Amino acid sequence: MSKVKLGIIGVGNMGSTHVNNLTDGKCPEIELVAVADVKPERLEWAKGRNENLTCFNTAEEMLDSGLIDACLIAVPHYDHPRYAIACFERGIHVMCEKPAGVYTKQVKEMNAAAEKAGVAFGMMFNQRTNPMYITMHDMIASGELGEVHRTNWLITDWYRPQSYYDSGAWRATWSGEGGGVLLNQCPHNLDLWQWICGMPSKVDVKLNFGKWHDIEVEDDVTAYVEYPNGASGMFITSTGDCPGSNRFEVCCDRGTLVAEGRTLKITRLKEAMSEYTGEERGAFSSPNREVETITFDTDGEQHVGVLNAFAAHILHGTPLVADGREGINGLTISNAMHLSAFTDRVVELPFDDDEYYNELMKRVATSRRKENVNEVVSDTSGSYNGAK
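Every chain begins its residue count from 1, and numbering advances along the sequence as written. Residue-level local features of this predicted model are given only where pLDDT is at least 70; pairs of side-chain atoms are given and counted only at 80 or more, and the full residue set underlies all totals for whole chains, interfaces and linings. Only hydrogens and water are set aside when side-chain values are computed; all heavy atoms of the structure are taken into account.

Trainee: Before we go on, may I ask you to explain the overall build of the protein chain in this structure?
Mentor: Helix and strand counts for the protein chain stand at 13 helices and 15 strands. Restricting the calculation to C-alpha atoms gives the radius of gyration, and the globule rule supplies 2.2 Å times the number of residues raised to the power 0.38. Here the C-alpha radius of gyration of the protein chain, 22 Å, is about what a compact globule of 388 residues would show, namely 21 Å. Taking the principal axes of its C-alpha atoms as reference, the protein chain extends roughly 75 × 50 × 40 Å. Think of it in three bands: with a 1.4 Å probe and only protein chains considered, a residue is buried below 20% of the maximum accessible area for its type, exposed above 50%, and partly exposed in between. In the protein chain, which comprises 388 residues, the share counted as buried stands at 54%. Residue-level accessible areas treat just the shown protein chains as cover; the underlying method is Shrake-Rupley with a 1.4 Å probe. Carbon and sulfur atoms form 47% of the exposed surface of the protein chain, whose accessible area is close to 16100 Å². Secondary structure counts use DSSP, requiring at least four H or I residues in a row for a helix and at least two E residues in a row for a strand, with both numbered from the N terminus.

And the structure:
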């Protein structure tokens, strides 16, 4: 094949973004051939962008059409694993929007299906194309700065007014989204946090549900984590701070990384703290250091870069930006945070997937969108009509 023939399930906010990128020719090795959505106006809009598109009223019709080699899933969170599994069963390559799903139990089933199918499976973690985060990842992975001691991410520039939450019945509900800021705004941050710093082993959290808005899910988070090596970390986020901040700091044995805006400050110690601390020194001395500041002029190729890598992986065997099976990592952290709040205890990873699922379903059962639970969890439409 010279091009990957792609179909998109869901032509809402993210789906339409992908349609625009593809029809603008930004992904030369992908041919967008089909879209599926239950809303006629969305299909009409897509057809207006590309008159050669074949439009389907249901995802299943598109998946069974034989027209597509690969599928991009851009539907509500609960349905990501279900549609991915449907693709795997048909031998169709999958690119899935974030998050991987709502709860780890369903995502493990998705990952198992991906292993069995043996097709390409990518996750739309477009922030992994950002050169600043790539630099942080590579420096930590190389061991240049030594072992991680502490991680802190203050990511509160997610301000949303009440009108944002009122714009869709599915928003900020247990039955519609399965969570709040952690599952809607922060999947990229949680993925980057674990990609750069590794997975924590313990999670303790204070979640505030509807602290700043009339919603039932969390809009304010302060989480403390511990890592297997004894390092500790904090993750603080909110949709109630304006203008908010975005500062990511990683302290290591031989230096510190601080990312803020498009600037990365790298402090390299002349001697490792683990060596310096035990020596005979002045009472208030500290290791000599050198500081480098890098300002990046781009956020990387983002969504287009992920899709181009996806096509190249299928056609040429080159690496994905993010393997779809890695989507469970950030979700595991957010599920652990929710479980810590639900049960008022420190949660150790791995946790019991069934316990989390049961706790979540208790809240789904009493969700203010209770009457639409079946629609959200089982709808086959592929319609996604909301902006993240």
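Trainee: How should the confidence of the model for the protein chain be read in this particular structure?
Mentor: For every residue, the predictor assigns a confidence score, pLDDT, that lies between 0 and 100. Taken as a whole, the protein chain shows an average pLDDT of 94; of its residues, 95% reach a score of 70 or greater. Two residues qualify as a contact provided that any one of their heavy atoms is within 4.5 Å of a heavy atom in the partner residue. Note on residues 370-388: pLDDT is under 50 here. Beyond four places in sequence and across chains, it has 64 contacts.

Trainee: Explanation requested: the sheet that holds strand β3 (residues 54-56) in the structure shown.
Mentor: Strand pairing in a sheet is mediated by backbone hydrogen bonds. Such pairs are either parallel or antiparallel. Should DSSP find at least two bridges between two strands, the strands are regarded as paired. What the 6 strands build is an open sheet, ordered β3-β2-β1-β4-β5-β6; its pairing is parallel. Edge strands, defined here as strands with exactly one partner in the open sheet, are β3 and β6 (121-123). Adjacent strand axes in the sheet meet at a mean angle of 25° when their direction is disregarded. With 4 bridges joining them, strand β4 (residues 70-73) and strand β5 (residues 93-96) adopt parallel strand pairing. Paired with C71 across the bridge in β5 is V94. With respect to the sheet, helix α10 (residues 302-316) is in contact with β1 (4-9), β2 (30-36), β4, β5 and β6, its orientation differing from that of β5 by roughly 165°. Every angle, taken between N-to-C directions, lies between 0 and 180 degrees, and every axis is a line fitted to C-alpha atoms, over only the stretch in contact when it is a helix.

Trainee: I keep staring at the sheet that holds strand β9 (residues 218-226) and nothing clicks. Help me out?
Mentor: One open sheet accounts for 9 strands, arranged β14-β13-β12-β11-β7-β10-β9-β8-β15; its pairing is mixed. Each of the sheet's edge strands pairs with one partner strand only, and the pair in question is β14 (289-295) and β15 (347-348). Across 6 bridges, strand β7 (residues 148-155) lies against strand β10 (residues 232-238) in parallel orientation. Considered in β10, the bridge of R150 is made with S232. Helix α8 (residues 187-197) rests against β7, β9, β10 and β11 (246-252) of the sheet, and its axis sits at about 165° to β7.

Trainee: What should I look at first to understand the side chain of N130 in this one?
Mentor: Within the secondary structure layout, N130 lies in the loop between β6 and α6 (131-142). Of the residues examined, N130 reaches a relative accessible area of 5% and is grouped as buried. Sequence-distant contacts of N130, defined by excluding residues within four places in its chain, comprise T298, D299, G300 and Q302.

Trainee: In this structure, what is going on with the packing of α8 against helix α11 (residues 327-343)? I would like to understand it.
Mentor: Helix-helix packing: each pair is described by the crossing angle between the helix axes and the interaxial distance. Running from N to C, α8 and α11 point in directions that differ by 110°, and their axes come no closer than 8 Å. Between α8 and α11, the crossing angle belongs to the class labelled roughly perpendicular. Note on packing geometry: the crossing formed by α8 with α11 is right-handed. Note on element contacts: α11 touches α8 through N329, G330, I333, S334 and M337, opposite L190, D191, W193 and Q194. Among the residues making up the contact of α8 with α11, the classes are represented as 4 nonpolar, 4 polar and 1 charged. An angle below 35 degrees is treated as roughly parallel, one above 145 as roughly antiparallel, one from 65 to 115 as roughly perpendicular, and anything else as oblique. The handedness criterion is simple: a crossing whose near helix is rotated anticlockwise from the far helix by less than a right angle is left-handed, and one whose near helix is rotated clockwise is right-handed. Note on residue categories: nonpolar means Ala, Val, Leu, Ile, Met, Phe, Trp, Tyr, Cys or Pro, charged means Asp, Glu, Lys or Arg, and polar means any other residue, Gly included.

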